[in-house]
Amino acid sequence: MSDETIPWWEPRLGAPVRDAVQQVLDDDYINDGPVTRALEARIAEIAGVEYGVATSSCTTALAISLIAAGVGHGDEVIVPDITFIATASAVKLAGAEVKLVDVDAARLTISVERVIAAVGPATKAVIAVDFNGRAADYAALEDVCQERGLVLICDSAEALGSRCDGRAMGSYGAAGCFSFSAHKIVFAGQGGVAVTDDAAFHARLRDLRDHARREEGPFRDVMYASVGFNFKYPNLLAAVAVAQLDELDERLSHAKTRDRWYRELLHDCPGVSFPGEPQKEGEACLWADIFADDQETLIKAFGDNGIGFRRFFLPLHRQDPYRQPDDAFPNAIEAWKKGVWLPCALSLTHGQAQRVAEICHQAGE
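These notes cover the structure that comes with them.

On to the overall build of the protein, then. Scanning the protein from N- to C-terminus turns up 12 helices and 13 strands. The C-alpha atoms of the protein give 21 Å as radius of gyration, which agrees with the globular expectation for 365 residues (21 Å, within 12%). Summarising its shape, the C-alpha atoms of the protein cover approximately 70 × 55 × 35 Å along the three principal directions. Across the 365 residues in the protein, those meeting the buried criterion constitute 54%. Excluding contacts between residues fewer than 6 apart, the proportion of contacts in the protein whose partners are at least 24 apart in sequence is 69%.

Listed below in structure tokens is the structure:
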């Protein structure tokens, strides 16, 4: 057993973040305000769209995107079976029902064929999840949604800065939603941003985010144009996020280098393969993932040697609120049985990647 512990993930915050937070504290205005507006503008720019609306989480960003698109009670929203449960929770928060479909076996993004088969009279929208920074087949998805009158929303929580076919993740469909929760490439404890190119959609998102308050003034005189909620994002947390954006390109570059290390070190490892190959140009995976034929042996070896790891998300159809038989989700089940996220901290060194690869090779022998 090695004495070295290699973390699966660890945060990296430094002087720029501390300075940004201190500036907000010095200004004595920690609520939603100018720093939040700056964050919205920066994320919209990264996504290559016109507008951004910061919210309390990516979950609420997804929910208000659905509501802004007219999704509500009596509607169904198609969701991929492999995703963090928040994707489905956002549908329920909007008042609609979740309709799960299987994922593509190789890329683990939503299966367009399963979407087509799942569309029914109550289907109103599709949420495509950019699983670990990989793009769904958006060319086909946008055609399907347009032909059937469905709204397309992108859950790009794991894909900030990732690109495909010359476009940024989050720029497809009616809206894209990003996350600043733990284990994201930019993290602030919590938070999210919904982005869009549609001015009217943007106005509706802003109404839903902050009680449809259109003007400033004494509370007794403020008019509220419609129903809205309190999903605002405070300057204090926005400062933590926006201060990291100057490092985004560096972090994305490290993620791509990290994955190249693992591919080189594990190309001949018995029982190990890589999801999403070949990687599309511009894509950046948030976490380093592999398929392990003998997952249990590998994760035991990691545990014995101080190697941090994560298994893939439990498929949603096995979660109690959405429980269904396995039969309709063979690809999701196979991925869950084999999927492992390797150590992928921003501080990961080549030597640490070599150590991880050594354990993988030993476990596969």
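Next comes the rest of the account.
This part is about helix α1 (residues 15-27). Taking 1.5 Å per residue as the helical rise, α1 with its 13 residues ought to reach 18 Å, and the 18 Å between its terminal C-alpha atoms agrees with that figure. Buried residues of α1: Val17, Ala20, Val21 and Val24, and no others. Along the axis of α1, the buried residues cluster in a sector spanning 95°; they form a single face. Opposite the packed face of α1, turned more than 90 degrees from it, sit the exposed residues Arg18, Asp19 and Asp26. If you follow the buried residues of α1, they end up packed against α2 (34-47) and α8 (235-242). At the C-terminal side of α1, Asp28 shows a positive phi close to 60°.

Let us now look at the pairing of strand β11 (residues 288-292). Burial analysis of β11 places five of its five residues in the buried class, the great majority of the element. Residues of β11 alternate between two faces, with Ala288, Ile290 and Ala292 on one and Asp289 and Phe291 on the opposite face, all of them buried. Where strand β10 (residues 272-273) and β11 come together, two bridges link them in antiparallel fashion. Across the sheet, residue Ser273 finds its bridge partner in β11, namely Phe291.

Going through the model one piece at a time under the given rule, you end up with three cavities of 30 Å³ or more. Quantified by volume, the largest cavity comes out at close to 70 Å³. In this structure, the largest cavity is lined by Ala157, Glu158, Ala159, Leu160, Ser179, Lys184, Ile185, Val186, Leu252, Ala284, Cys285 and Leu286. Split by residue class, the lining of the largest cavity holds nine nonpolar, one polar and two charged.

Turning to the sheet that holds strand β8 (residues 175-179), a few remarks are in order. One open sheet accounts for seven strands, arranged β1-β9-β8-β5-β4-β2-β3; its pairing is mixed. The open sheet terminates on both sides in strands that have one partner only, identified here as β1 (51-55) and β3 (97-101). Across this sheet, the average inter-strand angle for adjacent strands is 25°, counted without regard to direction. When strand β4 (residues 123-129) meets strand β5 (residues 151-155), the two strands line up parallel, connected through five bridges. Residue pairing in the sheet places Val126 in a bridge with Leu152 of β5. Packed onto the sheet, helix α3 (residues 58-68) meets β1, β2 (76-80), β4, β5, β8 and β9 (192-196) and runs at close to 165° relative to β8.

Moving on to unusual backbone geometry. In this structure, Leu108 takes a positive phi of about 70° despite not being glycine. The topology assignment puts Leu108 in the loop between β3 and α5 (112-118). In this structure Leu108 comes out as buried when scored by relative accessible area, which is 0%. At Asn132, a position not held by glycine, the phi torsion is positive, near 50°. Mapped onto the elements, Asn132 comes out in the loop between β4 and α6 (138-148). Taking the relative accessible area as the measure of exposure, Asn132 reaches 0% and is therefore buried.

Counted according to the given criterion, the structure contains 24 salt bridges. When the shortest N-O distance is used, the salt bridge between Arg42 and Asp246 registers 3.2 Å. Linking Arg42 in helix α2 with Asp246 in the loop between α8 and α9 (248-266), this pair joins segments that are 204 residues apart in sequence. Linking Arg134 and Asp289 is a salt bridge whose minimum nitrogen-to-oxygen distance equals 2.9 Å. Residue Arg134 is found in the loop between β4 and α6, and its partner Asp289 is found in strand β11; the two are separated by 155 residues along the sequence. Here Arg134 falls in the buried class, since its relative accessible area comes to 0%. On the basis of relative accessible area, Asp289 is assigned to the buried category, the value being 5%. One continuous salt-bridge network, built from bridges that share partners, spans Arg12, Glu247, Glu250 and Arg251.

Conventions and cut-offs
- Residues numbered from 1 in each chain as written.
- Predicted model: local features only at pLDDT ≥ 70, side-chain atom pairs only at ≥ 80, totals over all residues.
- Heavy atoms only, no water.
- Helix = DSSP H or I, 4+ residues; strand = E, 2+ residues; numbered from the N terminus.
- Rg over C-alpha atoms; globule rule 2.2 N^0.38 Å.
- Buried < 20%, exposed > 50% of the residue type's maximum accessible area, 1.4 Å probe, protein only.
- Contact = heavy atoms within 4.5 Å.
- Expected span 1.5 Å × (residues − 1).
- Arc of directions from axis to C-beta.
- Pairing = 2+ DSSP bridges.
- 1 Å grid on protein atoms, 1.4 Å probe; cavity = no way out; pocket = protein on both sides within 12 Å on 5 of 7 lines; lining within 4 Å.
- Points joined across faces, edges and corners; volume = space filled by probe spheres on them.
- Nonpolar A, V, L, I, M, F, W, Y, C, P; charged D, E, K, R; others polar.
- Axes fitted to C-alpha atoms, helices over the stretch in contact; angles between N-to-C directions.
- Salt bridge = Lys/Arg side-chain N within 4 Å of Asp/Glu carboxyl O.

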